[in-house]
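# Residue-level structure breakdown
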Amino acid sequence: MNLKKIVIIFFIYFFNLNNLHAIEPSNFVQLTVNKASLILSTKSSKEEKINQLKNIAKDTVDIRGVGFYSLGSLRKSLNDEQKKKYLELFEGYFLKSFSSRLAEYTNPEIEVNDKKILNKNYTIVNSTLVGTSERPEVKIDWRIYTKDPNKPLIRDLIIEGLSLARTQKEEFASIINSNDGDINALFNTLEEFSK
């Protein structure tokens, strides 16, 4: 069986899992990383890989949820127009940040090890980025939002104990606080990064 057939079978399998059955969080994470690895192991240009990785993120990450979490309590003081603008800017920022970082890896191998159900809405899936001669082993925990069991979504990655969502929240708060609480300063930063 050639690689093209394997890829087609994989995508059919992934599509069916996403649309017909409740997906177990560990399987969801493994399928997501396998999908990313397939893209990263191809000889496509970096730009093509980034575009494909963005599509994976749109399908598997709760970008809206991560965006509002990153704003902290400030989200309550925004009007509807500001919220809309923020979410548009945040999506562009998040997708560029996520895909460009991941595109640096040629073929990341991630092993899913265990999971811990926190409640009906959240499960932590533990995994390991397998070490190579060029990089050390890295522990990655995935915070999976499972309110809809048919459509689990990634809400956070905790890398070696460091929450990416919390770090982002602190960075955003720092930008806003250093500009006298002006949300437009954050808008400008997100817009500039996404160019």
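Residues numbered from 1 in each chain as written. Predicted model: local features only at pLDDT ≥ 70, side-chain atom pairs only at ≥ 80, totals over all residues. Heavy atoms only, no water.

### Some remarks on the packing of helix H5 (residues 80–102) against helix H7 (residues 183–194)
Here is the rule we go by: Only the stretch in contact is used when fitting a helix axis, every axis being a line fitted to C-alpha atoms; angles between N-to-C directions are given from 0 to 180 degrees. Secondary structure elements follow DSSP: runs of H or I no shorter than four residues count as helices, runs of E no shorter than two count as strands, and numbering proceeds from the N terminus. A crossing counts as left-handed when the near helix is turned anticlockwise from the far one by less than a right angle, and as right-handed when that turn is clockwise. Note on contacts: a residue pair qualifies if any of its non-hydrogen atoms lie within 4.5 Å across the two residues. Side-chain classes are defined by residue name, with Ala, Val, Leu, Ile, Met, Phe, Trp, Tyr, Cys and Pro counting as nonpolar, Asp, Glu, Lys and Arg as charged, and the others, Gly among them, as polar.
Orientation of H5 relative to H7, taken along the N-to-C sense of each, is 35 degrees, at an axis distance of 9 Å. Handedness of the H5/H7 crossing: left-handed. Residues Gln82, Lys85, Tyr86, Leu89, Phe90, Gly92, Tyr93, Lys96 and Ser97 of H5 lie in contact with H7, whose contacting residues are Ile183, Leu186, Phe187, Leu190, Glu191, Phe193 and Ser194. In terms of residue class, the contact of H5 with H7 is built from nine nonpolar, four polar and three charged.

### Section: the packing of helix H4 (residues 63–71) against helix H6 (residues 164–177)
What counts is decided by this rule: Here is the rule for angles: anything less than 35 degrees is roughly parallel, anything more than 145 is roughly antiparallel, 65 through 115 is roughly perpendicular, and the remaining ranges are oblique.
Packing of H4 against H6 brings their axes to within 7 Å, and their N-to-C directions diverge by 50 degrees. In terms of orientation, H4 lies oblique with respect to H6. Once H4 is placed against H6, the crossing between them reads as right-handed. Here Val66, Tyr69, Ser70 and Leu71 of H4 come into contact with H6, specifically with Ala165, Arg166, Gln168, Lys169, Phe172 and Ile176. Each residue belonging to the contact of H4 with H6 can be placed in one class, and the counts come to six nonpolar, two polar and two charged.

### Things to note about a negative patch on the surface
Inclusion rule: Here, patches come from residues exposed beyond 30% relative accessible area and free of salt bridges, joined within 9 Å for like charges and within 5 Å for nonpolar side chains (Val, Leu, Ile, Met, Phe, Trp, Tyr). Only the protein chains shown count as covering a residue, and every accessible area follows the Shrake-Rupley method with a 1.4 Å probe. Note on definitions: salt bridges are taken to be side-chain nitrogens of Lys or Arg within 4 Å of carboxyl oxygens of Asp or Glu. Charge counting follows a simple rule: Lys and Arg are positive, Asp and Glu are negative, and His as well as the terminal groups are ignored. Charged groups are reduced to one reference atom each: NZ for lysine, CZ for arginine, CG for aspartic acid, CD for glutamic acid. Relative accessibility decides the category of a residue: with a 1.4 Å probe and only protein chains considered, values under 20% of the type maximum give buried, values over 50% give exposed, and everything between is partly exposed.
There is a patch of like negative charges on the surface, built from Glu109, Glu111, Glu137 and Glu160. Position of glutamate 137 relative to the elements: it lies in the loop between strand S2 (122–129) and strand S3 (138–145). Owing to a relative accessible area of 51%, glutamate 137 belongs among the exposed residues under this scheme.

### Digging into the pattern of salt bridges
What the rule picks out here adds up to four salt bridges. Lysine 151 is the partner of aspartate 59 in a salt bridge, and the nearest nitrogen-oxygen pair spans 2.9 Å. Separated by 92 residues along the polypeptide, aspartate 59 in helix H3 (residues 46–60) and lysine 151 in the loop between S3 and strand S4 (153–159) bring together distant segments of the chain. Classification of aspartate 59 by relative accessible area gives partly exposed; the value is 27%. Lysine 151 gets classed as partly exposed once you look at its relative accessible area, which sits at 28%. Note that arginine 155 and aspartate 62 form a salt bridge whose closest N and O atoms lie 2.4 Å from each other. Taken as a pair, arginine 155 in strand S4 and aspartate 62 in the loop between H3 and H4 lie far apart in primary sequence, 93 residues in all.

### Thoughts on H3
What counts, and what does not: Multiply 1.5 Å by the residue count of a helix minus one, and that product is the helix's expected span. Note: the arc covers the axis-to-C-beta directions of the helix.
In this model, H3 (15 residues) spans 21 Å end to end at C-alpha, consistent with the 21 Å of a helix rising 1.5 Å per residue. What H3 keeps buried is the set Lys49, Ile50, Leu53, Ile56, Ala57 and Thr60. Relative to the axis of H3, the buried residues are bounded by an arc of 120 degrees and lie together on one face. Those residues of H3 that are buried are in contact with helix H2 (25–40), H4, H5 and S4.

### Here's the deal with the confidence of the model for the protein chain
Regions with low pLDDT carry predicted coordinates that are not meant to be interpreted in detail. Spelled out, the test is: Per-residue confidence from the predictor is reported as pLDDT, which spans 0 to 100.
Put simply, the protein chain has an average pLDDT of 85, and 88% of its residues get 70 or more. Ranking the elements of the protein chain by mean pLDDT puts helix H1 (residues 3–20) last, at 46, and H4 first, at 95. For the stretch residues 4–20, pLDDT sits under 50, and the model shows 19 contacts to residues farther than four places along the chain or on other chains.

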